[in-house]
Amino acid sequence: MEETLLASIAEEVVSCHKCKLGASRTKAVAGDGSAHARICFVGEGPGREEDLSGIPFVGQAGRLLDRMLIAEGLSRKDCYICNIVKCRPPNNRVPDPAEVAACSLYLYAQLAIIKPDIICLLGNTALRFFFGEQYSIGQVRGTILVKDELRFMPTYHPAAALRNPQYVQVIESDLRKLAALIQPTTD
Ligand code: SF4
Ligand code: URA
């Protein structure tokens, strides 16, 4: 049931042109993982490798995320992973407010279907989408934030850990907390 609903969103996303990113993308990247996931990860937007493959977090940052998940006993297939915008912003620029607004209905629909226990916000674009400018990642990472009956834990974006390797340990400790928060999945 949830799988079918997620697939219908993905179908809409692949042919979407609600914002100008639709014109420059190769493939739209709807999301990946289990429709029954207890943890959803939300990044910023597809990068080059994601744009080519249509799968989120498969480039360098995604491979680092996979390694960190495994190190903390989490597996990507037990999670759901997606982005604020589903199409690659040219040159990996930060998506603009009109793009974010146009794409947000897909993210809200995905979260409404999956109903995760917790949403891990990867980096400032995801944090700002839900909380505006009131927090920075450095202040609130690893803490639980609640809004509109959704629970969030922000952490650094894995791309930041590629630039600053000392963040790897910090992200891993946040992922450890996330893993401890969730119930075992039933599927
Ligand atoms: Fe549609 Fe989102 Fe892609 Fe814009 S970024 S074209 S709103 S799927
Ligand atoms: N960075 C993101 O924010 N999302 C991806 O899917 C890949 C890299």
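What comes next concerns the included structure.

Things to note about the packing of aromatic side chains
Here's step 1: Scanning the entire structure with this criterion turns up seven aromatic pairs.
Here's step 2: Note on Phe131 and Tyr135: the rings are 5.7 Å apart at their centroids and 55 degrees apart in plane angle, and the pair reads as tilted.
Here's step 3: Assessed through its relative accessible area of 9%, Phe131 is described here as buried.
Here's step 4: Taken together, a centroid distance of 3.9 Å and an interplanar angle of 0 degrees make the contact between Tyr156 and Tyr167 stacked. With Tyr156 in the loop between β6 (150-155) and α8 (158-163) and Tyr167 in helix α9 (residues 167-181), this pair connects stretches of sequence that are 11 residues apart.
Here's step 5: Taking the relative accessible area as the measure of exposure, Tyr156 reaches 17% and is therefore buried.
Here's step 6: Judged by its relative accessible area of 21%, Tyr167 falls in the partly exposed class.
Here's step 7: Pairwise contacts between aromatic rings join Tyr108, Phe129, Phe130, Phe131, Tyr135 and Phe152 into one cluster.
Here's step 8: Between Lys147 and the ring centre of Phe131, over which it is positioned, the NZ or CZ distance is 5.8 Å.

Analysis parameters
Throughout this description, residue numbers start from 1 for each chain and increase along the sequence as written. Following the order in which they are written, the chains are lettered starting with A and the ligands numbered starting with 1. It should be noted that, the model being predicted, local features are given only for residues of pLDDT at least 70 and side-chain atom pairs only at 80 or more, the latter also being counted only at that level, while totals for whole chains, interfaces and linings use all residues. Hydrogens and waters are ignored; side-chain quantities use all the structure's heavy atoms. Note on aromatic contacts: the rings of Phe and Tyr and the six-membered ring of Trp form a pair at centre separations within 6.5 Å, being stacked when their planes are under 30 degrees apart, edge-to-face when over 60 apart, and tilted otherwise. Exposure classes here rest on a 1.4 Å probe applied to the protein chains alone. A residue is buried below 20% of its type maximum, exposed above 50%, and partly exposed in between. A run of DSSP states H or I qualifies as a helix once it reaches four residues; a run of E qualifies as a strand once it reaches two. Both are numbered from the N-terminal end. Sitting over a ring, as applied to charges here, requires NZ of Lys or CZ of Arg to be within 6 Å of the ring centre and within 35 degrees of the ring normal.

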